[in-house]
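Chain residues, written in single-letter form:
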Amino acid sequence: MGSQANRNRIVRKMLRKRIVGGHNKQIDTIVNMVLPSHEQGRGRQLLEELVTDPDAPIEAYGGQRNAVRLTSISDAVDYLKENGGDVPFGFD
């Protein structure tokens with residue numbers, strides 16, 4: 001699976017789980033939820049790249065070590081639409 005497809009999977013799963021605002025998760029937890037074990041090493045790198053990408057809807061959260069969250073629901077929906085990802089039911 002391509003890098004963009006995995007990025008979309010990560011954002012989609014975080015959107016479905018509503019990991020936004022005060023709700024945050026550690027990077028390892030998100031990677032374990034989203035990707036199979038043989039893709040988790042690359043998935044961790046992709047998630048860390050998404051945090052540093054200004055166009056991505058994911059931000060680091062300073063409350064916990066390696067915690068991330070979505071910047072907003074609408075940013076995640078826009079990101080998925082712009083990058084060919086599937087928007088979960090109820091968010092479009």
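In the block above lies the structure referred to throughout.
Residues numbered from 1 in each chain as written. Predicted model: local features only at pLDDT ≥ 70, side-chain atom pairs only at ≥ 80, totals over all residues. Heavy atoms only, no water.

Q: Help me out: how do you make sense of the environment of Glu48 in this one?
A: Position of Glu48 relative to the elements: it lies in helix α3 (residues 40-52). Sequence separation of Glu48 and Glu59 is 11 residues, and the distance between their C-alpha atoms is 9.5 Å. (Helix = DSSP H or I, 4+ residues; strand = E, 2+ residues; numbered from the N terminus.)

Q: I tried to follow helix α1 (residues 3-16) on my own but got confused; where do I start?
A: Since the α-helix packs 3.6 residues into each turn, any two residues three or four apart lie on the same face. End to end, α1 covers 20 Å across 14 residues, agreeing with the expected 20 Å (1.5 Å per residue, within 8%). Those residues of α1 that fall on the buried side of the exposure criterion are Asn6, Arg7, Asn8, Ile10, Val11, Lys13, Met14 and Leu15. Looking at the packing, one finds that the buried side of α1 touches α2 (27-34), α3, β2 (58-61), β3 (67-70) and α4 (73-82). A positive phi of about 55° marks Arg18, the residue just after α1. (Expected span 1.5 Å × (residues − 1). Buried < 20%, exposed > 50% of the residue type's maximum accessible area, 1.4 Å probe, protein only. Contact = heavy atoms within 4.5 Å.)

Q: Help me understand the sheet that holds β3, please; the structure alone is not making it clear to me.
A: Across a sheet, paired strands are connected by hydrogen bonds in the backbone, their directions being either parallel or antiparallel. Across the sheet, which stays open at both edges, the 3 strands sit in the order β1-β3-β2 with antiparallel pairing between neighbours. The outermost strands of the open sheet, each flanked by one partner alone, are β1 (25-26) and β2. As defined by bridge partners, β1 adjoins β3 across 2 bridges and the pair is classed as antiparallel. Looking at β3, one finds that Lys25 is bridged to Val68. Those strands touched by α3 are β2 and β3, and its axis lies near 90° from that of β2. (Pairing = 2+ DSSP bridges. Axes fitted to C-alpha atoms, helices over the stretch in contact; angles between N-to-C directions.)

Q: How should the pattern of salt bridges be read in this particular structure?
A: Once the charged atoms of two side chains with opposite charge are near each other, the side chains can pair. By the definition in use, this model includes 6 salt bridges. Here Glu59 makes a salt bridge to Arg69, at a shortest N to O gap of 2.8 Å. Within this pair, whereas Glu59 is found in strand β2, its partner Arg69 is found in strand β3, the two being separated by 10 residues in sequence. According to the relative accessible area criterion, Glu59 is partly exposed, its value standing at 26%. Looking at Arg69, the relative accessible area reads 19%, which means it is buried. Three or more residues are tied together by salt bridges with common partners; here these are Arg7, Arg42 and Glu49. (Salt bridge = Lys/Arg side-chain N within 4 Å of Asp/Glu carboxyl O.)

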